[in-house]
Amino acid sequence: MKERKKGGKARKAFGAGKAWQALAAILCLCALSLGCMGCAAGREPMETDEGGSGRESVRMQEPDYGGRQVLSPEKVETAILKEEISAYPLAAESQDVGSIEKQQQLKKEFEELKAAFTDLEAIEVYTTANVKVRTAPSTEADMVLLAEKGSVFLKNGEGGGWSRVVTQEGVYYIKSEYLREKKKAGEGSHVVAIDAGHQNKANTEKEPIGPGASETKMKVTGGTRGTTTGLYEYELTLMVSEKLRTELENRGYQVYMVRETHDVDISNSERAKMAYDSGAEIFVRIHANGSENSKANGAMTICPTQKNPYVSDLYADSQRLSSLILDGLTASTGCKRERVWETDTMSGINWSELPVSIVEMGYMTNPEEDRKMAQEDYQQLIAAGIADGFDAYFAE
């Protein structure tokens, strides 16, 4: 019996041992589970749509994408945080395919547009504005450069409102509305004289205001100065005159410049004589205005009166020239049109033997107009507008 008791106790001890082992296993499993949760909690949480705290990442069975490598959820999560497109392999592939198809379609369209062009005998053309030069005759085509106004190209074809131009770098396309044929000066072309008003140093000596006049004026003044830019009038007038020369030459005119540097000493009467001796048909003097009223703005032109005691015979042509130049200038720049001022007080007009006009481009004493006139683009507009006036004058 005692042995049996011992055996029973042994069996009881064995049973208790089994229970403790089971309990220990359960505790181990719990510990492992808590450890895994701790690991998950240690990861940086994903943000929710509401911007609150994170949620656990759940590992899901990865679908089969036909052998393509797909990122695991953890990698996707990291990629999202880093905004890596590689986290979306299917979407990225679809975007690439769509982009390639669009490019191929555009290329096909461009080739069709090019094939529809009409070949022309090559002529020189120049740009009438700053214009985009493209690889194909379409606004969707790549731009290779922005050509400045007055740039010269060789044109050999056109179609659909576009022109085909040839350069040393290749064949390109420009909107036809921004091109004009460059005419070569030759026999029968018009000759014009341009005087960039004033000079570096004034000449305070006096000369008669007209042939045989007893009244005198300074031979040449220094002009005004930009109250905002500090630019001198004699600097501005030469800048614009040089652009005007280029514009006129591109249109087939022969241009005589009274001065091409600042360091000269030429009186008003001498300038008129130089213009006449050049063989020019008209004489245009480029100036800028000034006023004690800083709000004064706009362009004007000046010509003799009908009863001018020195050049009355030039009145009609000078008045018409002045009016047409003012029309062209204001249309080109959009500035205010003041008036054609008829006066007999200007020695530069009174000594002229050609139809003559003084162009006052704008007021250097007006802050806004002063800044505009100092800009290259605006100077180009002034030059183009004056040239339009010349075209209109000789067309009548």
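Everything quoted here is computed from the prediction, not taken from an experiment.

Comments concerning the overall build of the protein
Within the protein, the secondary structure is distributed over 9 helices and 15 strands. Put simply, the protein has 396 residues, and 37% of those count as buried. Here the analysis covers contacts within the protein between residues at least 6 apart in sequence; of these, 70% occur between residues at least 24 apart. Looking at the protein as shown, the accessible area adds up to about 23000 Å², and 51% of this sits on carbon and sulfur atoms.

Observations concerning the confidence of the model for the protein
The share of residues in the protein with pLDDT of 70 or more is 74%, and the mean pLDDT across the chain is 83. Ignoring residues within four places in sequence, the model shows residues 1-16, a span with pLDDT below 50, making 0 contacts including any to other chains. A low-confidence stretch, residues 30-92 stays under pLDDT 50, and its non-local contacts, those more than four residues away or across chains, total 33 contacts.

A closer look at helix H6 (residues 315-333)
The end-to-end C-alpha separation of H6 is 27 Å, in line with the 27 Å expected for 19 residues at 1.5 Å each. Those residues of H6 lying buried are Tyr315, Ser318, Leu321, Ser322, Leu324, Ile325, Leu326, Gly328, Leu329, Thr330 and Thr333. In this fold, the buried residues of H6 make contact with strand S12 (282-289), strand S13 (299-303), strand S14 (337-342), strand S15 (356-363) and helix H9 (376-395). One or two steps after H6, the chain reaches glycine 334, where phi turns positive at roughly 80 degrees.

Some thoughts on the packing of H6 against H9
Here H6 crosses H9 at 140 degrees, and the two axes come no closer than 7 Å. Taken together, H6 and H9 sit at an angle that is classed as oblique. In this structure, H6 meets H9 at a crossing whose hand is right-handed. Listed contacts from H9 to Asp317, Arg320, Leu321, Leu324, Ile325, Gly328, Leu329, Ser332 and Thr333 of H6 are Tyr378, Leu381, Ile382, Ala384, Gly385, Ile386, Asp388, Gly389, Phe390, Ala392 and Tyr393.

Points about the environment of alanine 141
If you trace the backbone, alanine 141 turns up in the loop between strand S2 (131-134) and strand S3 (143-147). With a relative accessible area of 4%, alanine 141 lands in the buried category. Separated by 32 residues in sequence, alanine 141 and tyrosine 173 have C-alpha atoms that sit 9.5 Å apart. Beyond its immediate sequence surroundings of up to four residues, alanine 141 is in contact with Phe110, Arg134, Thr135 and Ala136.

Notes on the sheet that holds S15
Spatially, 6 strands are ordered S11-S8-S12-S15-S13-S14 in an open sheet, and the strand pairing comes out mixed. Taken across any chain shown, the strands that pair with only one partner, and hence form the sheet edges, are strand S11 (254-257) and S14. Neighbouring strand axes in the sheet, compared pairwise and without regard to direction, differ in orientation by 20 degrees on average. Pairing of S13 with S15, which is carried by 3 bridges, proceeds in the antiparallel orientation. What sits directly across from threonine 301, in S15, is valine 359. Of the strands in this sheet, strand S8 (191-196), S11 and S12 are in contact with helix H5 (residues 268-277), which crosses S12 at around 145 degrees. Along the sheet face, H9 touches S8, S12 and S15 and points at about 150 degrees away from the line of S12.

A few points about helix H4 (residues 233-250)
Under the 1.5 Å per step criterion, the end-to-end length of H4 is 26 Å for 18 residues, consistent within 8% with the ideal 26 Å. Residues of H4 that are buried include every one of Glu233, Tyr234, Leu236, Thr237, Leu238, Val240, Ser241, Lys243, Leu244, Glu247, Leu248 and Asn250, and no others.

Here's the deal with the nonpolar core
The nonpolar side chains of a soluble globular protein tend to be buried, and buried together. One finds Ile194, Leu248, Val284, Ile286, Met361, Ile386 and Phe390 to be the most contacted residues of the largest nonpolar core, which totals 37 residues. Elements with a contribution of two residues or more to this core: S8, H4, S11, S12, S13, H6, S15 and H9. Per-element tally for this core: the top contributor is H9, with 8 residues. Setting aside residues up to four positions removed in sequence, phenylalanine 390 forms contacts with Val192, Ile194, Leu248, Tyr253, Ile282, Val284 and Ile325. Residues Ala193, Ile266, Val311 and Leu354 belong to the second largest nonpolar core, which totals 19 residues.

Things to note about the environment of aspartate 265
With respect to the helices, strands and loops of the structure, aspartate 265 is situated in the loop between S11 and H5. Residue classification places aspartate 265 among the exposed residues on the basis of a relative accessible area of 52%. Each residue touching aspartate 265, except ones within four places of it in the same chain, is listed here: Gln199, Asn203 and Glu270. Polar contacts involving the side chain of aspartate 265 include one to the side chain of asparagine 203, which spans 3.1 Å.

Each value, and the rule that gives it
Residues numbered from 1 in each chain as written. Predicted model: local features only at pLDDT ≥ 70, side-chain atom pairs only at ≥ 80, totals over all residues. Heavy atoms only, no water. Helix = DSSP H or I, 4+ residues; strand = E, 2+ residues; numbered from the N terminus. Buried < 20%, exposed > 50% of the residue type's maximum accessible area, 1.4 Å probe, protein only. Contact = heavy atoms within 4.5 Å. Areas by Shrake-Rupley, 256 points an atom, 1.4 Å probe, with all protein chains shown as cover. pLDDT = per-residue confidence, 0-100. Expected span 1.5 Å × (residues − 1). Axes fitted to C-alpha atoms, helices over the stretch in contact; angles between N-to-C directions. Parallel < 35°, antiparallel > 145°, perpendicular 65-115°, else oblique. Left-handed = near helix turned anticlockwise from the far one by under 90°. Pairing = 2+ DSSP bridges. Core = buried A, V, L, I, M, F, W, Y, C linked by side-chain atoms within 4.5 Å. Polar contact = N/O pair within 3.5 Å; in protein donor to acceptor, adjacent residues only side chain to side chain.

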